[in-house]
Amino acid sequence: MAFLTFIFLASLLIIASALGRILGKVIEAQPVIPFLNTQLLYFFLAEVLYRFFVQKLPLIELRNFLHLPIKRSKILHYLLGRSFFTPLSFIAIICFAPISLTHIRPAYSLAASVTWLGTLIGISWSLHWLMLWYKQKFGAQILGILTVFLFSLVTFGANYLNLYNVGNLAAPFFGWALHSSWPLLITLLTFLGGYMLSFTFFKRNSYIEEVSSGNPKPYINSSIDFFSRFGLPGEVADLEWKLILRHKKSRTYLIIAFLFLLYGLVFYGDPTYGSSEGISYFYVFVGVFITGTFMLQYGQLFLSWNSPSFDFYMGKADGLRSLIEGKYLLFLVISVLCLVLSFPYVYFGWEILLVHLACFLFNMGISIHLIIYLSLWKPKPMDLGKGAFFNYEGVGIAQFLMAIPVVAIPYAVFIPAAMLGGGYVGIFVLAAIGLAGIIFRNNLMAICANNLVKNRYQISSSFRQES
Amino acid sequence: MISIDSLKKRYGNQLVLDIPQLSIPRSQCFGLVGNNGAGKTTLFRLILDLIQATEGRVAIEGEEVTKNEKWKHNVGSYLDEHMLLSYLTPTEYFETLRKIYGLSKQDVELFLEDFVEFFNGEILNQKKYIRDLSKGNIKKVGIAAAMMNNPDIVILDEPFENLDPSSQIRLKKIISARQEARQTTFLISSHDLTHVTDICERIVLLEKGKAIRDLHEDKDRMVDILDEYFNN
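Please read these numbers as outputs of a predicted model, since none were measured by experiment. (Residues numbered from 1 in each chain as written. Chains lettered and ligands numbered in written order. Predicted model: local features only at pLDDT ≥ 70, side-chain atom pairs only at ≥ 80, totals over all residues. Heavy atoms only, no water.)

Chemist: Looking at this structure, I do not really get helix 10 (residues 182-204) of chain A. What am I missing?
Modeler: The α-helix advances 3.6 residues per turn, and as a result positions three or four apart in sequence lie on the same side. Residue and element names in this part refer to chain A. End to end, helix 10 covers 33 Å across 23 residues, agreeing with the expected 33 Å (1.5 Å per residue, within 8%). Within the sequence span of helix 10, burial applies to Pro183, Leu184, Thr187, Phe191, Gly194, Tyr195, Ser198, Phe199, Phe201 and Phe202. On its buried side, helix 10 packs onto helix 5 (72-84), helix 7 (110-138) and helix 9 (166-176). (Helix = DSSP H or I, 4+ residues; strand = E, 2+ residues; numbered from the N terminus. Expected span 1.5 Å × (residues − 1). Buried < 20%, exposed > 50% of the residue type's maximum accessible area, 1.4 Å probe, protein only. Contact = heavy atoms within 4.5 Å.)

Structure below.
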């Protein structure tokens, strides 16, 4: 987890160091900093959004302390203080420290670069406390979530439609920060005020029953009757479907998979990625993700999803084999659904439909078995109740590297064939190999199943966290 | 029925279980007692092929448990929550098991009738997932699930723990009734000496992985011997 966070922050830093140059290219002749000032509001609006979804005070930990002879306010100061030290708190510094050094210091002064950067950090940190308070107070209510959505919709939307530009309204404040230390002072006061606000709020509301009852989990009743035709594997697929719907983390993955359907819009409409004749090589990349996002994301943690109930499958005759076959069935159904939903892309040309179909066949015939096989390598247990954002539980290096073959192997098949006979031949070969994999799916699944049966003791003991 | 032969389990250098020979005949109620870390759960997990033995073997009806899976149709067990699908409601869970075992709906209705008192109206047809139930109620679901296929062997780890006194007594009735009517073999571990001596005609005492006593005496004598052991 620490490793992945580090990678994320490091890549952010690399982008941020180039921010000045990128902006310079985008807006050409204009000076960079005044333009950036008009855009900063959007950065903070985005921050409001991700803070709203990601951050939460670990109030549940109150349980560990409340019975001890420590003052309630002391515990809260500790919890609040700890909540502050997350990667989120460093994002503003990482994003803007480079540009403040490379562009503001030479053009204005060292003092200007300090007050400007300080103001931005101050706003970001104030948002930390304000969103902490807002989420606890209104976050459980639909209205609270709606307000946040509506707010962002109105501001981003208005800008997109050129109705009015809220970014310009906030720009003078950031401009002021280049000449005066008042804005820095104001944001610092907001920061302190925000802290006091959340502190007093949490102090009044920190009783265990309010914390632990939280929001009652709704009972979701849903079965896919279609699965019942497939015997024990069908039953497992149905169980897995319930598992996905009834846990936050897996639900998020499902939603992301459907959002990725829109991914094509970014590329297909844009002539830079297209090709005047035949099939653009780039389309294979998009096609893989159109139907394969769920398989990749959910499949990465293949067995970790079942870590709390692995002994259930161990205890049933043929349980482990059915687990693999059932999950395959579920992946197949969800991928078919994504494929069907991607049909409207035919608007951009028939060849896109063919690419999607070929990639779907290849994903289901070859890639999925590869993912399953790799994911059986030292799976880690996982708490399904936690959210999906910034939650790397169950993710190891293996999961991180898995995306590479999923993209690279289709290309290893497609490119040679396409170079010999053109894009359509490439697509045909991709589809044919995928189809062969689907026909021989039982043999391919048996390889994974045997591997699982062989390693069952080691896996189940790691899921019980014995070693 | 169950035979254990020179069974050893080692974690690193530590020998946590060492049973040279033990056999449990059909329809016996076999009690397993011992302090924490004595190896009770380890023994059950080895019988159920959930962990790998360092040495030796366990056979059920002459078939080694690691070699095939047929015995799984015939053995029901509840050791801990890893054996449940906790994101289902109890009713859904029993329905899932019904399909896995290939039972009819009437079979299940008939089966659950035996558990009406034990469930005390808090388990079936509630819109609550197993994970949200109290510890005692989760245990009740697991215990009932272990007996669902009417298996010849039922293995329960600490079944009385977390149950309220009335439920403990009801459970004892269920176990005795099944033992009598179906000749079911029960393997039960417990810290609660009164309950386990009440229902089990044989008690094995584990200490640091070794079976140091194998008691077949009448109840009062067993209680005396065990009391003496645990008081020292």
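Chemist: Where do I start with the interface of chain A and chain B in this structure?
Modeler: Buried accessible area, meaning the area lost when the parts come together, often serves as the stated size of an interface. Listed by partner, the interface residues are 31 residues for chain A and 30 residues for chain B. Carbon and sulfur atoms supply 56% of the area that chain A and chain B bury against each other, a total of about 2800 Å² over both sides. Those elements that place two or more of their residues in the side of chain A that touches chain B are helix 12 (231-246), helix 16 (310-314) and helix 23 (456-463) of chain A. No other element matches the seven residues that helix 12 of chain A contributes to the side of chain A that touches chain B. Within the side of chain A that touches chain B, the residues separate by chemical class into 14 nonpolar, six polar and 11 charged. (Buried area = accessible area lost by both parts, 1.4 Å probe. Nonpolar A, V, L, I, M, F, W, Y, C, P; charged D, E, K, R; others polar.)

Chemist: Any chance you could explain the sheet that holds strand 9 (residues 202-207) of chain B here in plain terms?
Modeler: Sheet strands line up and pair through hydrogen bonds in the backbone, either parallel or antiparallel. All names here are of chain B. Strand order in this open sheet of six strands is 6-7-8-3-9-10, and the pairing throughout is mixed. Only two strands of the sheet have a single neighbouring strand rather than two, namely strand 6 (75-78) and strand 10 (210-215). Within the sheet, the average angular offset between the axes of one strand and its neighbour, ignoring direction, is 15°. Note that strand 3 (residues 29-33) and strand 9 share four bridges and pair parallel. By the bridge assignment for strand 9, glycine 31 is matched with isoleucine 203. Relative to strand 6, helix 5 (residues 135-147) is tilted by about 170°, and along the sheet it contacts strand 6, strand 7 (153-157) and strand 8 (185-189). (Pairing = 2+ DSSP bridges. Axes fitted to C-alpha atoms, helices over the stretch in contact; angles between N-to-C directions.)

Chemist: Sorry, what's going on with the side chain of A:Asn451 here?
Modeler: Residues and elements named next belong to chain A. Within the secondary structure, asparagine 451 is located in helix 22 (residues 441-454). Its relative accessible area of 13% is what places asparagine 451 among the buried residues. Here asparagine 451 is in contact with Tyr373 and Leu376, once residues within four sequence places are set aside.

Chemist: What am I meant to see in unusual backbone geometry here?
Modeler: Phi is positive for A:Lys378, close to 50°, though the residue is something other than glycine. In this fold, A:Lys378 is placed in the loop between helix 18 (350-375) and helix 19 (397-401). Overall, the relative accessible area of 54% leaves A:Lys378 in the exposed class. Phi is positive for B:Asn150, close to 45°, though the residue is something other than glycine. Its place among the elements puts B:Asn150 in the loop between helix 5 and strand 7. We classify B:Asn150 as partly exposed; its relative accessible area is 31%.

Chemist: Teacher, can you tell me more about the pattern of salt bridges here?
Modeler: Oppositely charged side chains may form a pair once their charged atoms are brought near each other. Residues and elements named next belong to chain B. Under the counting rule described, the total for this entry stands at 23 salt bridges over all chains. A salt bridge links aspartate 80 to arginine 45; its shortest N-O distance comes to 3.0 Å. One end of the pair, aspartate 80, is in the loop between strand 6 and helix 2 (90-101); the other, arginine 45, is in helix 1 (residues 40-47), and 35 residues separate them in sequence. Residue classification places aspartate 80 among the buried residues on the basis of a relative accessible area of 18%. A salt bridge links lysine 72 to glutamate 69, with the nearest nitrogen and oxygen atoms 2.9 Å apart. Several salt bridges share partner residues, and in doing so they unite Asp5, Arg57, Glu64 and Lys67 into one network. (Salt bridge = Lys/Arg side-chain N within 4 Å of Asp/Glu carboxyl O.)

Everything listed here is a matter of geometry and, on its own, says nothing about what the molecule does.
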